[in-house]
Amino acid sequence: VMKLQEKRIEQAAQEMILNPGSLDHGGIPWYGLGKSHLSWHDTGSVNFIPRALSLWNDPESRFYRDDVLLEKIDFALDFVLRRLPPSGLLSMIYCNFSSPPDTGFAMYVYGPTVENLRRCDDDFFLKNILPKLEQLTRRMGEGLINAGIHTPNHRWSNVQGLAWTWRLFGIPEARDFAEKWLAEGIDVTKDGEFMERSLNYSNHSDRSLLSAAYVLERPDLVAAARKNLCLLPFLTHPDDTCVTDLS
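Residues numbered from 1 in each chain as written. Predicted model: local features only at pLDDT ≥ 70, side-chain atom pairs only at ≥ 80, totals over all residues. Heavy atoms only, no water.

Participant: Looking at this structure, I do not really get the overall build of the chain. What am I missing?
Facilitator: Helix and strand counts for the chain come out as nine helices and zero strands. The order of helices and strands in the chain, counted from the N terminus, is α-α-α-α-α-α-α-α-α. Whereas a compact globule of 247 residues would reach a radius of gyration of roughly 18 Å, the chain reaches 19 Å, a difference of no more than 12%. When burial is assessed residue by residue, the chain has 50% of its 247 residues classed as buried. Taking as baseline every contact in the chain between residues at least 6 positions apart, the subset at least 24 positions apart corresponds to 64%. Within the structure as shown, the chain displays about 12,100 Å² of accessible surface, and the carbon and sulfur contribution to it stands at 53%. (Helix = DSSP H or I, 4+ residues; strand = E, 2+ residues; numbered from the N terminus. Rg over C-alpha atoms; globule rule 2.2 N^0.38 Å. Buried < 20%, exposed > 50% of the residue type's maximum accessible area, 1.4 Å probe, protein only. Contact = heavy atoms within 4.5 Å. Areas by Shrake-Rupley, 256 points an atom, 1.4 Å probe, with all protein chains shown as cover.)

Following this line, the structure appears as structure tokens:
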């Protein structure tokens with residue numbers, strides 16, 4: 001897994017736009033088409049930052065404490081902070097513009113990345129990189145307060161993003177809004193299906209609820225994810241492909 005991650009990060013770093021004075025400096029083009037963007041889902045700077053930092057901070061990675069990679073991470077942070085709208089919300093490159101749930105998805109990784117790297121022992125990182133990482137994470141998290149959704153599973157991605165915002169930055173409004181979503185009740189049946197009956201969206205719901213359970217210290221949220229995960233083997237064909245005709 002690490003070798004695959006290293007290969008992807010190395011390729012993304014090579015594709016980064018480094019033209020001096022360009023507004024796209026630090027951006028990573030979308031699949032080689034030359035369009036830099038603020039999407040979490042696709043190859044780009046938003047996705048690059050936490051994944052590259054995970055390698056930079058891992059003693060088992062060949063990128064451990066690599067100064068060249070850290071410089072690229074710094075460029076990417078500057079790019080995203082420069083291009084992020086006042087709302088703090090990310091967009092997909094082809095739809096979901098200024099999207100709270102897509103921003104929530106990014107918090108899956110940004111939240112634990114900030115928490116982990118606050119314990120880093122590298123002085124240059126703590127003084128120069130961490131403040132930018134915290135600023136970006138906070139702006140995205142604050143964008144989720146009083147923000148909406150597109151589909152039912154997005155409630156839970158927003159909840160865990162709000163939870164991380166509360167945990168990392170002590171913003172009570174973030175937890176309050178997360179608790180309002182949770183007060184609606186988890187949309188899982190006794191058989192373990194979520195409302196959308198989609199294995200793709202079940203993945204998001206399970207990850208979100210497990211993340212929220214950890215951050216909010218709510219072990220009761222694990223039950224729904226466990227119930228769904230126990231159902232998944234029964235929704236797999238003999239060739240290991242997933243059932244897709246129930247959604």
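This is not the end of the story, as more comes after the structure.
Participant: What is the right way to read the side chain of Ser 39 from this model?
Facilitator: In this fold, Ser 39 is placed in the loop between α1 (2-15) and α2 (45-56). Leave out the neighbours within four places in its chain, and Ser 39 touches Val 46, Asn 47, Ser 91, Met 92 and Ile 93.

Participant: Is there a simple way to explain the nonpolar core in this structure?
Facilitator: One broad rule of soluble globular proteins: the nonpolar side chains tend to lie buried together. Judged by nonpolar contacts, the single largest core of 62 residues is most densely connected at Phe 48, Ile 49, Ile 73 and Tyr 110. Contributions of two or more residues to this core are made by α1, α2, α3 (67-83), α4 (100-117), α5 (123-142), α6 (154-169), α7 (172-182) and α8 (199-216). The leading source of residues in this core is α3, at eight residues. Leaving out residues up to four positions away in the same chain, Ile 49 has contacts with Ile 73, Ala 76, Leu 77, Val 80, Tyr 110, Leu 133 and Leu 136. (Core = buried A, V, L, I, M, F, W, Y, C linked by side-chain atoms within 4.5 Å.)

Participant: It is not clear to me how the packing of α4 against α5 should be interpreted in this structure. Could you clarify?
Facilitator: For any two helices packed against each other, the geometry is given by the interaxial angle and the distance between the axes. Their axes nearest at 10 Å, the elements α4 and α5 cross at an angle of 150°. Of the possible angle classes, the one that applies to α4 and α5 is roughly antiparallel. Viewed along their axes, α4 and α5 form a crossing whose handedness is left-handed. Here Thr 103, Ala 106, Met 107, Tyr 110, Thr 113, Val 114 and Leu 117 of α4 come into contact with α5, specifically with Phe 125, Leu 126, Leu 130, Leu 133, Glu 134, Leu 136, Thr 137, Met 140 and Gly 141. Of the residues contributing to the contact of α4 with α5, the split by class is 11 nonpolar, four polar and one charged. (Axes fitted to C-alpha atoms, helices over the stretch in contact; angles between N-to-C directions. Parallel < 35°, antiparallel > 145°, perpendicular 65-115°, else oblique. Left-handed = near helix turned anticlockwise from the far one by under 90°. Nonpolar A, V, L, I, M, F, W, Y, C, P; charged D, E, K, R; others polar.)

Participant: Honestly, α1 in this entry has me stumped. Any pointers?
Facilitator: Residues spaced three or four apart along an α-helix point in a common direction, a consequence of the helix completing one turn every 3.6 residues. The terminal C-alpha atoms of α1, which comprises 14 residues, lie 20 Å apart, in line with the 20 Å expected from a rise of 1.5 Å per residue. Of the positions making up α1, those classed as buried are Gln 5, Glu 6, Ile 9, Ala 12 and Ala 13. The buried residues of α1 occupy an angular sector of 135° when projected down its axis, which confines them to one face. Residues of α1 that are exposed and point over 90 degrees away from its buried face: Lys 3, Lys 7, Arg 8 and Gln 14. Each element contacted by the buried residues of α1 is listed here: α2 and α3. (Expected span 1.5 Å × (residues − 1). Arc of directions from axis to C-beta.)

Participant: Quick question: what am I supposed to make of unusual backbone geometry here?
Facilitator: Leave glycine aside and you will find that most residues have negative phi; peptide bonds, for their part, are mostly trans. Non-glycine residue Ser 98 carries a positive phi angle of around 45°. On the secondary structure map, Ser 98 appears in the loop between α3 and α4. A positive phi is found at Arg 197, a non-glycine position, where the angle reads about 50°. Mapped onto the secondary structure, Arg 197 falls in the loop between α7 and α8.

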